[in-house]
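For reference, the chains in residue letters:
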Amino acid sequence: EFIPEKEMLQLTSGDAEARVLLIEAFATLGRLDNVTLLMGFHPQYLDSFLKTEHYLMQVDGPLPYCYRHYIAIMAAAQHQCSYLVNLHVNDFLQVGGDPKWLAGLDSAPPKLQTLSQVNKILAHRPWLITKDHIERLLRSEDHGWSLAELVQVLVLLAHYHSLASFTFGCGIIPEIHSGGGHSPRHPSVPDFTNSNSVEEQTCGHERIEQVAGTTFEVEALLEKMKRLQQCRDEEGTSQEEMATRFEREKTESLFVASSENERWIDTREISRHFEDPSYGYQDFSRHGDQYVPTFRAQDYTWEDHGYSLVNRLYPDVGQLLDEKFQNAYNLTYNTMAMHKNVDTSMLRRAIWNYIHCMFGIRYDDYNYGEINQLLDRNFKVYIKTVVCSPAKTTKGMYDSFWRQFKHSEKIHVNLLLMEARMQAELLYALTAITRHLT
């Protein structure tokens, strides 16, 4: 398991604010899933998340309820996230969805089938979304979407692609023998694996040796943050140098990869919901034809452009998403592992901007040299895997970064990964809609 069950039990019995939110979630959803439980470590964020998801899935809007859950299934299936697929198959049937659609995408209404390509591109290479993709969906003769419907579709796809990242990043998958229950556990090891494997016994000795060095890792990171702050105060960097550092970091991010021998989960049960399961971020980059263009964040920002467009076409959702992004980005307890009264804003910004960098999004006012100072290779491998190929995330990756930090802090990292990824997808999708409108 990524997160010990005893810590989750302590959460449900300890934090009063979290307990109230979990009770409300159970009353609204009729279940208390482990995604909600883990987010309960951060009640302020959970409150924002639950409001957004409730509005997307349960409040009147452009899309029929069964369409919403089917789109959630398509989005989760694109990342082979059986946990989310199973949840939304149940929800789809509860809201009166036709069971025949669950036989596969080719059994769904043609209108839903038209979303296949956009689902695939948004999940793996959102920079390839163009106004042509948008216009094909709007102008399809018999199966066209309205603009309001399409905005809800795009928000749902981005939401569930990103939630799949959180699910795998925290090690949550369905347990085969739990009668439909769900709990956090290792996503790449089947239930029948002997927990006392040779690999685990070997790793046990290594971990004893590693513990001594973990305190030093935290101290070293704090020292780097202090030094970088001094450099910020003392010297200015030219725009040309800032651009060069961004391009260098973007290029280097292509070569950050997890081990190729990780176990890959692929079942017909999941893959039948989408086409071309071989289409992925890492496969693309390995073939040598990878080029991620640079998207200047100042040219199209969430705050100045995306927010108002979503709110205009799908009222109130822009506000809800904005609060959720802000909650994840600004969330802090001013702690790092055993240290208190720490300003973590530099570290949070490095994580957020590294994710956007992998998607080609550049902030002119950010020094990308800070990323290599603050994020070590193990952490970068974890971030890239969770964001770009979430089904390949392993417990080993989770354990290998920030070894002295609490599980709640690693869950906070996953909230940052999820929201930064969702915002990146939406920026590309909404830019394409804006180009269609102008």
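Residues numbered from 1 in each chain as written. Predicted model: local features only at pLDDT ≥ 70, side-chain atom pairs only at ≥ 80, totals over all residues. Heavy atoms only, no water.

Lay out the overall build of the protein in plain terms, naming residues and giving numbers.
Across its full length, the protein holds 21 helices and six strands. When burial is assessed residue by residue, the protein has 54% of its 438 residues classed as buried. Sequence-distant contacts, at least 24 apart, represent 75% of the contacts inside the protein between residues at least 6 apart. Accessible surface, the protein as shown: approximately 19100 Å² in total, 50% of it carbon and sulfur. (Helix = DSSP H or I, 4+ residues; strand = E, 2+ residues; numbered from the N terminus. Buried < 20%, exposed > 50% of the residue type's maximum accessible area, 1.4 Å probe, protein only. Contact = heavy atoms within 4.5 Å. Areas by Shrake-Rupley, 256 points an atom, 1.4 Å probe, with all protein chains shown as cover.)

With reference to specific residues and values, describe the packing of aromatic side chains.
Each pair of aromatic rings is reported with the distance of its centres and the angle of its planes. With the rule as written, the count across this model stands at 22 aromatic pairs. For the ring pair Tyr70 and Phe92, a centre distance of 5.7 Å and an interplane angle of 55° mean the geometry is tilted. Highlighted residues: Tyr70 in helix H5 (residues 65–78) and Phe92 in helix H6 (residues 82–94), separated in sequence by 22 residues. Since its relative accessible area comes to 0%, Phe92 is described here as buried. Measuring from ring centre to ring centre gives 6.4 Å for Tyr398 and Phe401, while their planes differ by 80°; the resulting arrangement is edge-to-face. Classification of Phe401 by relative accessible area gives buried; the value is 0%. Feature note: the residues Phe2, Phe379, Tyr382, Tyr398, Phe401, Trp402 and Phe405 constitute an aromatic cluster, connected by ring pairs. Against the face of Trp145 rests Lys111, its NZ or CZ located 4.7 Å from the ring centre. (Phe/Tyr/Trp six-rings, centres within 6.5 Å; stacked < 30°, edge-to-face > 60°. Lys NZ or Arg CZ within 6 Å of the ring centre and 35° of its normal.)

Describe the side chain of Thr385, and please don't skip the residues or the numbers.
If you trace the backbone, Thr385 turns up in helix H19 (residues 377–388). Residue classification places Thr385 among the buried residues on the basis of a relative accessible area of 2%. Here Val381 takes part through its backbone oxygen, which lies 2.7 Å from a polar atom of the side chain of Thr385. (Polar contact = N/O pair within 3.5 Å; in protein donor to acceptor, adjacent residues only side chain to side chain.)

Any details on unusual backbone geometry? Residues and values, ideally.
One non-glycine residue, Asp316, adopts positive backbone phi at about 80°. Along the chain, Asp316 turns up in the loop between helix H15 (302–313) and helix H16 (317–330). Of note, the phi angle at Ala337 is positive, near 55°, even though the residue is not glycine. We classify Ala337 as buried; its relative accessible area is 7%.

Outline the environment of Asp132, listing residues and values.
You can see Asp132 is positioned in helix H9 (residues 131–139). In this structure the C-alpha to C-alpha distance between Asp132 and Arg435, which are 303 residues apart in sequence, comes to 9.5 Å.

Break down the packing of H16 against helix H17 (residues 345–358) for me, citing the residues and quoting the values.
Between H16 and H17, the shortest axis-to-axis distance is 9 Å and the interhelical angle comes to 125°. In terms of axis orientation, H16 runs oblique to H17. Across from Phe325, Tyr329 and Asn330 in H16, the residues of H17 making contact are Arg348, Arg349 and Trp352. Classifying every residue of the contact of H16 with H17 gives three nonpolar, one polar and two charged. (Axes fitted to C-alpha atoms, helices over the stretch in contact; angles between N-to-C directions. Parallel < 35°, antiparallel > 145°, perpendicular 65-115°, else oblique. Nonpolar A, V, L, I, M, F, W, Y, C, P; charged D, E, K, R; others polar.)

Give me the environment of Asn86: which residues, what numbers.
Along the chain, the position of Asn86 falls in helix H6. Remark: the alpha-carbon pair of Asn86 and Ala76, spanning ten residues in sequence, is separated by 9.6 Å.

Which residues make up the pattern of salt bridges, and what values go with them?
Under the counting rule described, the total for this entry stands at 13 salt bridges. Put simply, Arg296 and Asp299 hold a salt bridge, and the shortest N to O gap is 2.8 Å. Judged by its relative accessible area of 33%, Arg296 falls in the partly exposed class. Within this structure, Arg296, Asp299, Arg362 and Asp364 form a network of salt bridges that share partners. (Salt bridge = Lys/Arg side-chain N within 4 Å of Asp/Glu carboxyl O.)

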